[in-house]
Amino acid sequence: MGEIIGAGLVAHAPTIMMSEEDRYALNEGKEISLVPGLHRLKSEVLDVLKPDVIVLFDTHWFTIVEFCIAAQARRSGHFTSDELPRGMRQIPYDIPGCPELAFAMAERATQHGVRTNAIDDPNLPIHYPTVNLSTFLQGDEKWISVSHAYSAEPHNFLAVGAGIGQAIRESDKRVVLIASGSMSHRFWPFDQIAQHEASDPIHISTPEAREADLERLHWFAEGNHAAVIDTMPEYLRHVPEARFGHYLMMAAACGGRDWKAKGRQFSDYENATGTSQVHVWFDM
């Protein structure tokens, strides 16, 4: 029997790929906590767990009429972001995949009522939530990326996650889940962004979004995933990244409303141009 041995909500903000000099310049002479937090996640968690596979829910892989799962045996090359090529350019990646688990996950998610397809096309693009985090966290394990259908509602994300969890338990793999994305995710207008690039959460887009995020961080610390799931209609008003589908799929794979794992932060709760950024790890 396979098992999920750990799960985390992990930020992939472009700032983590900047040079230390540029990060300090952007953040009033201080390091952003996301970078040392990623180093700690690698050394204190992943190097100890030694998973067979990391399944990453990628908030920048946009699909519309279906969910897709990367099923290539290997993804390799150099990545330059079309969104921010100045800060994310020519990043090398060489990521082995796990096709058999990817196809099984797609089959089970579809059986849970949401069309999901495994894609093994070698020309399938890769996105920086996967590339950035693999740069910091990759070890000897295999990686699978899962798309976000931007037409999906919370119940669709939960169904896909439940199917993915079932496929993992039916496999022979020890798997870590990573929900790669932020919490509230509203940017400042273009003319104001430069005044809101420091990591202090005072720069989060609205006080109401900041309070909603902090409420959910409190629930994470308690292991109260039911509260997070049950209040999604209210939270969507604060524009969580990808409709918070990355978290919902991860949570559903781990048990949904019955999941009780308590979260511990591996970073501060930080701002990035109005959006919230934080690393929260859930030990199983």
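You'll find the structure just up there.
If you're wondering where the values come from, they're calculated on a predicted model, not measured in any experiment.

A.B. asks: Even after reading the chapter, I still don't get the overall build of the protein, so can you show me in this structure?
C.D. replies: A count of helices and strands for the protein gives ten helices and twelve strands. In terms of overall size, the protein behaves like a compact globule, its C-alpha atoms giving a radius of gyration of 18 Å where 284 residues would be expected to give roughly 19 Å. Across its three principal directions, the C-alpha atoms of the protein cover 50 × 40 × 35 Å. For the protein, with 284 residues in total, the buried portion stands at 58%. Long-range contacts, defined as pairs at least 24 residues apart, comprise 79% of the intrachain contacts of the protein with a sequence gap of at least 6. Summed over all atoms, the accessible surface of the protein reaches about 12,000 Å², with 51% contributed by carbon and sulfur. Mean positive and mean negative side-chain charge positions of the protein (24 and 38 charges, respectively) differ by 4 Å.

A.B. asks: Explain the layout of surface pockets to me, please; I cannot follow it from the model alone.
C.D. replies: Regions of empty space are outlined by a rolling probe, equal in size to a water molecule, passed over the atoms. For the largest pocket, the calculated volume is near 540 Å³. Contributing to the lining of the largest pocket are 24 residues, with Pro 14, Thr 15, Met 18, Leu 84 and Thr 273 lying nearest its centre. Of all elements in the fold, only α1 (20-26) and β11 (275-277) reach the threshold of two or more residues within the lining of the largest pocket. Taken together, the residues of the lining of the largest pocket break down into nine nonpolar, ten polar and five charged. Taken as a whole, the second largest pocket spans an internal volume of roughly 170 Å³. Along the walls of the second largest pocket sit His 60, Phe 62, Phe 79, Thr 80, Ser 81, Asp 82, Glu 83, Ile 126, His 127 and Tyr 128, which together make up its complete lining. The residue makeup of the lining of the second largest pocket, split by class, is four nonpolar, four polar and two charged.

A.B. asks: What exactly am I supposed to notice about empty space enclosed by the protein here?
C.D. replies: One pass over the structure, following the stated rule, counts two cavities of 30 Å³ or more. The calculated volume of the largest cavity comes to roughly 90 Å³. Around the largest cavity, the lining is made up of 13 residues, and of these Thr 15, Ile 32, Glu 197, Ser 199 and Asn 271 lie nearest the centre. Sorting the residues of the lining of the largest cavity by element identifies α1 and β10 (270-272) as the ones contributing at least two each. With three residues, β10 is the single largest residue contributor to the lining of the largest cavity. Here the residues of the lining of the largest cavity are counted per class, giving five nonpolar, five polar and three charged. As a volume, the second largest cavity reaches approximately 40 Å³. Lining of the second largest cavity is provided by Asp 58, Trp 61, Ala 70, Gln 72, Arg 75, Leu 124, Pro 125, Ile 126, His 127, Thr 130 and Ser 145. Of the residues that constitute the lining of the second largest cavity, the class distribution is five nonpolar, four polar and two charged.

A.B. asks: In this structure, what is going on with the side chain of His 279? I would like to understand it.
C.D. replies: You can see His 279 is positioned in the loop between β11 and β12 (280-283). For His 279, the side chain forms a polar contact with the main-chain nitrogen of Ala 11, separated by 3.2 Å. Dropping the residues within four chain positions of it, His 279 is found in contact with Leu 9, Val 10, Ala 11, Leu 34, Gly 37, Leu 38, Leu 41, Arg 264, Gln 265, Phe 266 and Ser 267.

A.B. asks: Before we go on, may I ask you to explain the packing of aromatic side chains in this structure?
C.D. replies: In this description, a pair of aromatic rings is defined by centroid distance and the angle of the planes. A full pass over the atoms with the stated rule returns seven aromatic pairs. Aromatic side chains Phe 62 and Tyr 150 sit 4.5 Å apart centroid to centroid with 55° between the ring planes, which places their arrangement in the tilted category. Of the two residues, Phe 62 sits in strand β2 (residues 53-63) while Tyr 150 sits in the loop between β7 (142-149) and α5 (154-170), which places them 88 residues apart along the sequence. Take Tyr 150: its relative accessible area is 34%, and that puts it in the partly exposed class. Ring plane angle 85° and centroid distance 5.4 Å describe the contact between Phe 220 and Phe 282, whose orientation is recorded as edge-to-face. One end of the pair, Phe 220, is in helix α7 (residues 207-222); the other, Phe 282, is in strand β12, and 62 residues separate them in sequence. Residue classification places Phe 282 among the buried residues on the basis of a relative accessible area of 0%.

Analysis parameters
For every chain, the first residue of the written sequence is number 1, and numbering continues from 1 along that sequence. For this predicted model, a pLDDT threshold of at least 70 governs which residues receive local features, and a threshold of 80 or more governs which side-chain atom pairs are given and counted, while totals over whole chains, interfaces and linings are taken from all residues. In computing side-chain properties, one takes all heavy atoms of the structure into account and sets aside hydrogens as well as water. Every helix listed is a DSSP run of H or I at least four residues long, and every strand listed is a run of E at least two residues long, numbered separately from the N terminus. Each radius of gyration is computed over the set of C-alpha atoms, and the globule rule expresses the reference value as 2.2 Å times the number of residues to the power 0.38. Any residue under 20% of the maximum accessible area for its type is buried, any over 50% is exposed, and the rest in between are partly exposed; the area is computed with a 1.4 Å probe on protein chains only. Contact criterion: two residues are considered in contact whenever any of their non-hydrogen atoms come within 4.5 Å of each other. Here the open area of atoms and residues is found with the Shrake-Rupley method and a 1.4 Å probe, where only the protein chains shown may cover a residue. Within this scheme the basic residues Lys and Arg register as positive and the acidic residues Asp and Glu register as negative, but His and the chain ends are omitted. Every charge is mapped to an atom, namely NZ of Lys, CZ of Arg, CG of Asp or CD of Glu. Using only the protein atoms, space was sampled on a 1 Å grid; points where a 1.4 Å probe fits but cannot get out form cavities, open sets with protein on both sides within 12 Å along at least five of seven lines form pockets, and lining residues are those with an atom within 4 Å of a point. Grid points are joined across faces, edges and corners, and a volume is the space filled by probe spheres set on the points. Any residue outside Ala, Val, Leu, Ile, Met, Phe, Trp, Tyr, Cys, Pro, Asp, Glu, Lys and Arg is labelled polar, Gly included; the first ten of those are nonpolar and the last four are charged. Pairs of N or O atoms are called polar contacts if they sit within 3.5 Å, as long as, within protein, a hydrogen donor faces a hydrogen acceptor (for residues adjacent in sequence, only side-chain-to-side-chain pairs). Stacked, edge-to-face and tilted are the three classes for Phe, Tyr and Trp ring pairs, Trp counted by its six-membered ring, which pair at centre distances within 6.5 Å; planes under 30 degrees apart are stacked, over 60 edge-to-face, the rest tilted.

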